[in-house]
Amino acid sequence: MKIPFLDLSRMDEALQTDLKDKFAKVLLEGRFSFGEEVWNFEKRVGDKLKSPHAISCANGTDALELALRALQIGPGDEVIVPAMTWVSTAEVVLMVGAKPIFCDTDACGLLKSDWEKAITPKTKAVIPVHLYGKMVSMSELMTQAEKANISVIEDAAQAFGAFQDGKAAGTWGDVGCLSFYPTKNLGALGEGGMCLTNQNALAEKIRLLSNHGQAQRDEHTLVGRNSRIDTLQAAFLNVLLDRFDKFQEKRKKLAEIYWQELVGIKELTLPPAAEDSNLHLFVIQTEKRDLLKEFLQSNGVGTAIHYPTIVPDIQVYKQEGDFAKARKISQNGLSLPLNPWLEEMEVMEVCRLVREFFNG
């Protein structure tokens with residue numbers, strides 16, 4: 001691809017040097033599990049997002065599972081999940097023995113505002129997903145959840161650094177779950193995840209669950225699992241966290257080009273320019289999605305589809321219901337390149353090709 005959707009090998013030389021130096025430091029110290037890099041990373045994220053507890057784990061999927069287990073959600077329980085999301089959101093519900101109850105979304109792919117209609121006596125939690133980096137209206141959702149006396153687990157895997165009313169994504173609910181998969185705005189060079197909470201008891205339980213149920217070696221107080229972040233990945237994330245705000249500025253600048261250059265195309269719906277988005281993905285919608293994707297690919301532009309099938313339409317998660325808006329996004333949504341490694345002229349070229357496609 002002349003203009004790839006995402007090419008992490010494009011990292012600038014200075015960043016590559018800093019990452020290599022950090023690797024050498026960790027190698028020299030010989031501490032590959034826990035240690036200063038992990039504690040430092042947790043503290044920095046907690047401070048940045050104003051979360052009293054930031055508990056690292058192996059990946060974003062584990063973060064969701066740990067949250068469910070810490071909240072004692074299991075067999076016989078129901079958890080409300082948006083139909084448009086990555087499978088992890090529903091996968092973890094089944095993994096703990098509970099049942100995901102899918103709800104439709106709004107036109108942006110966010111859990112619809114009347115999701116509480118899906119509440120039953122078995123409902124124990126709702127998992128709002130801040131899809132593509134844009135936040136669900138959390139003040140309203142928290143009011144609804146508190147009224148129903150159910151827990152809130154925020155899936156903020158795509159929303160690190162997004163804020164709404166001064167509060168970060170992941171800090172509104174009982175537990176917020178982050179992912180540091182390499183493609184994320186703050187991405188490791190491998191896997192990583194985190195749980196955020198302001199509740200001391202939940203924080204303690206999540207830490208125990210993520211480390212074999214032990215507060216210290218060989219003293220097991222509950223049945224846990226192994227979900228520790230790798231020290232090396234925490235070290236890399238400390239380097240990347242230094243550049244996070246700079247990279248976010250670059251994303252915003254590139255997104256502004258898309259909004260300016262693509263506005264007015266009748267057959268194209270652009271994502272809203274929202275202050276509560278971290279611009280993780282720039283997803284346009286058009287009924288000619290597949291043709292546009294093919295056209296861009298033939299001209300050397302990489303794109304992606306997030307996601308081609310809504311979760312309740314996947315056979316192993318099959319569930320009947322009215323998911324019209326979520327399904328429309330799965331059929332019409334196309335993610336254009338948006339990352340710190342792109343040049344402004346490359347985004348301008350993508351816009352030129354999109355206009356050429358629609359103007360014929």
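Below or above, wherever it landed, is the structure these notes cover. Residue numbering note: each chain is counted from 1, following its sequence as written. It should be noted that, the model being predicted, local features are given only for residues of pLDDT at least 70 and side-chain atom pairs only at 80 or more, the latter also being counted only at that level, while totals for whole chains, interfaces and linings use all residues. No hydrogens and no water enter the side-chain calculation; it runs on all heavy atoms of the structure.

Some points on the layout of surface pockets
Step number 1: Think of a 1 Å grid over just the protein atoms. A cavity is a set of points where a 1.4 Å probe fits yet cannot get out, a pocket is an open set with protein on both sides within 12 Å along at least five of seven lines, and lining residues have an atom within 4 Å of a point. Grid points are joined across faces, edges and corners, and a volume is the space filled by probe spheres set on the points. Estimated volume of the largest pocket: approximately 580 Å³.
Step number 2: Forming the boundary of the largest pocket are 31 residues, of which Trp86, Tyr181, Thr183, Lys184 and Tyr307 lie nearest the centre.
Step number 3: If you list the elements that add at least two residues to the lining of the largest pocket, you get helix H3 (60–70) and helix H4 (88–95).
Step number 4: Where helices and strands are cited, they refer to DSSP runs of H or I of at least four residues and of E of at least two residues respectively, numbered from the N terminus. Among the elements that take part in the lining of the largest pocket, H3 stands out by supplying 3 residues, more than any other.
Step number 5: Gly is put with the polar residues, along with every residue not named as nonpolar or charged; the nonpolar set is Ala, Val, Leu, Ile, Met, Phe, Trp, Tyr, Cys and Pro, and the charged set is Asp, Glu, Lys and Arg. Its residues assigned to classes, the lining of the largest pocket shows 14 nonpolar, 13 polar and 4 charged.
Step number 6: In this structure, the second largest pocket occupies an estimated 420 Å³ of space.
Step number 7: Of all elements in the fold, only strand E12 (282–285) and helix H10 (324–332) reach the threshold of two or more residues within the lining of the second largest pocket.
Step number 8: Sort the elements by how many residues they give to the lining of the second largest pocket and H10 lands first, with 4 residues.

A closer look at the nonpolar core
Step number 1: We define the nonpolar core as a collection of buried residues of types Ala, Val, Leu, Ile, Met, Phe, Trp, Tyr and Cys that are connected through side-chain atoms lying within 4.5 Å of one another. Buried means the residue's accessible area, taken with a 1.4 Å probe over protein chains only, is under 20% of the maximum for its type, while exposed means over 50%, and partly exposed covers the values in between. Residues Val45, Val79, Trp115, Leu141, Phe160, Leu178 and Leu186 are the most contacted members of the largest nonpolar core, which totals 93 residues.
Step number 2: Ranked by residues supplied to this core, first place goes to helix H7 (residues 231–242) with 8 residues.
Step number 3: Here a residue-residue contact requires only that any non-hydrogen atoms of the pair lie within 4.5 Å. In contact with Phe160, not counting residues within four places along its chain, are Val45, Lys48, Leu49, Leu178, Phe180, Leu186, Leu241, Phe244 and Asn278.
Step number 4: If you look at the next biggest cluster of nonpolar residues, it comprises 27 residues, including Ala255, Ile284, Val350 and Val354.

Remarks on empty space enclosed by the protein
Step number 1: Taken as a whole and judged by the stated rule, the model has 1 cavity of 30 Å³ or more.
Step number 2: For the largest cavity, the calculated volume is near 130 Å³.
Step number 3: Leu8, Pro182, Lys184, Asn185 and Trp341 are the residues nearest the centre of the largest cavity, which is lined by 15 residues in total.
Step number 4: Taken together, the residues of the lining of the largest cavity break down into 10 nonpolar, 3 polar and 2 charged.

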